[in-house]
Structure formats: C-alpha cells, structure tokens
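Topology and contacts: notes
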Amino acid sequence: MAKTTATVEDAAASARETVSRVTDEVQNRVRGISEEVRRGAERASAEIRRGYGRASEAAREGYDEASEKMRKGYKRVRKDLQELSGDVNEYVRDNPGKSVLIAAGVGFLLGLLVRSGDRE
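The model shown is predicted, which means the values in this text are computed figures rather than measured ones.

Regarding the overall build of the protein
Assigned secondary structure in the protein consists of two helices and zero strands. The globule rule puts the C-alpha radius of gyration for 120 residues at 14 Å, and the 44 Å found for the protein is more than 25% above it. Counting only C-alpha atoms and orienting by the principal axes, one finds that the protein spans roughly 140 × 40 × 5 Å. Carbon and sulfur atoms provide 60% of the accessible area of the protein, an area that totals close to 10800 Å².

Here's what the structure looks like:
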C-alpha cells in the first residue's frame, strides 16, 4: 500500500506541476493578448486623433475660404450699389422731368400689382 500511496502522491505532484505550468502558460498568453489589445487601442486612438486633426484643419480652411469669398462679394456688391446710386443721382439731376415721369410710371405699376393681389 505504501507503493500505491507513493504513486498517488507522485501522480498528484505531477498533476500539480502540470496545472501550474498550464496556468503559467495561460497567464503569459493572456498578458500577451492584453498587451496586443493595449497597443492596438493606442494605435487606433492615435489614428483617430490624426483624423480629427485633419478634419478640423480642413473645416477651418473651408470656413476661412468661404468667409473671405463672402467679404469680397459684399465689398463688390457695396461698390456696385454705390456706383449705381451715383449714376441714378446724376441721371435725376440731368433729367428731372424724365425722372419724375419714370417714378410716376413705376408707382402706377406697383399700385396695379398690389391692387390685383388684393382681388385674389
């Protein structure tokens, strides 16, 4: 029976060593996988930050470009209106009779348009 007890104890010790070795291997693999996941998350985070930076820069450039175009367009329209206003003032000074008749005609047409809109 002593031989059987020794065999059982040897088998138990061997099983403990095997379990310990397998447990160590599993822990090492889990650490390795965990490290790979951490590195992958860091790479993804860096890519997201770079993508955000590129997108925000593109948006800022688009806004600046649109803003500049609006400023130029506003200045051009303002200049054109000032020139038109000057031309109209000059025409009225040079042709006061025609200007009054034109204003009366425009007023009459507007009156007709407003009046016809009331009937509907």
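Read on, since the account is not over.
Observations regarding a negative patch on the surface
On the surface, Asp80, Glu83, Asp87, Glu90 and Asp94 cluster together into a patch of negative charge. Within the secondary structure, Glu90 is located in helix H1 (residues 2-94).

Quick word on the pattern of salt bridges
For the coordinates displayed, the defined rule picks out eight salt bridges. Measuring nitrogen to oxygen at the nearest pair gives 3.5 Å for the salt bridge that ties Glu65 to Lys69. Here the residue Glu65 and the residue Lys69 both occupy positions in helix H1, the gap between them amounting to four residues, near one helical turn. For Glu65, a relative accessible area of 46% corresponds to the partly exposed category. One network of salt bridges, with partners in common, ties together Glu35, Arg38, Arg39 and Glu42.

Describing the side chain of Ser99
Here Ser99 is to be found in helix H2 (residues 96-119). Judged by relative accessible area, which is 13%, Ser99 ranks as buried. Polar side-chain contacts of Ser99 include one of 2.7 Å to the backbone oxygen of Asn95. When residues no more than four places from it in sequence are discounted, the contact partners of Ser99 are Tyr91 and Val92.

With respect to the side chain of Ser67
Mapped onto the elements of the fold, Ser67 is located in helix H1. With a relative accessible area of 18%, Ser67 lands in the buried category. Looking at Ser67, its side chain comes within polar contact range of the side chain of Arg71, at 2.9 Å.

Parameters and conventions
- Residues numbered from 1 in each chain as written.
- Predicted model: local features only at pLDDT ≥ 70, side-chain atom pairs only at ≥ 80, totals over all residues.
- Heavy atoms only, no water.
- Helix = DSSP H or I, 4+ residues; strand = E, 2+ residues; numbered from the N terminus.
- Rg over C-alpha atoms; globule rule 2.2 N^0.38 Å.
- Areas by Shrake-Rupley, 256 points an atom, 1.4 Å probe, with all protein chains shown as cover.
- Patch = residues over 30% accessible without salt bridge, like charges linked within 9 Å, V, L, I, M, F, W, Y side chains within 5 Å.
- Salt bridge = Lys/Arg side-chain N within 4 Å of Asp/Glu carboxyl O.
- Lys, Arg positive; Asp, Glu negative; His and termini not counted.
- Charge placed at Lys NZ, Arg CZ, Asp CG, Glu CD.
- Buried < 20%, exposed > 50% of the residue type's maximum accessible area, 1.4 Å probe, protein only.
- Polar contact = N/O pair within 3.5 Å; in protein donor to acceptor, adjacent residues only side chain to side chain.
- Contact = heavy atoms within 4.5 Å.

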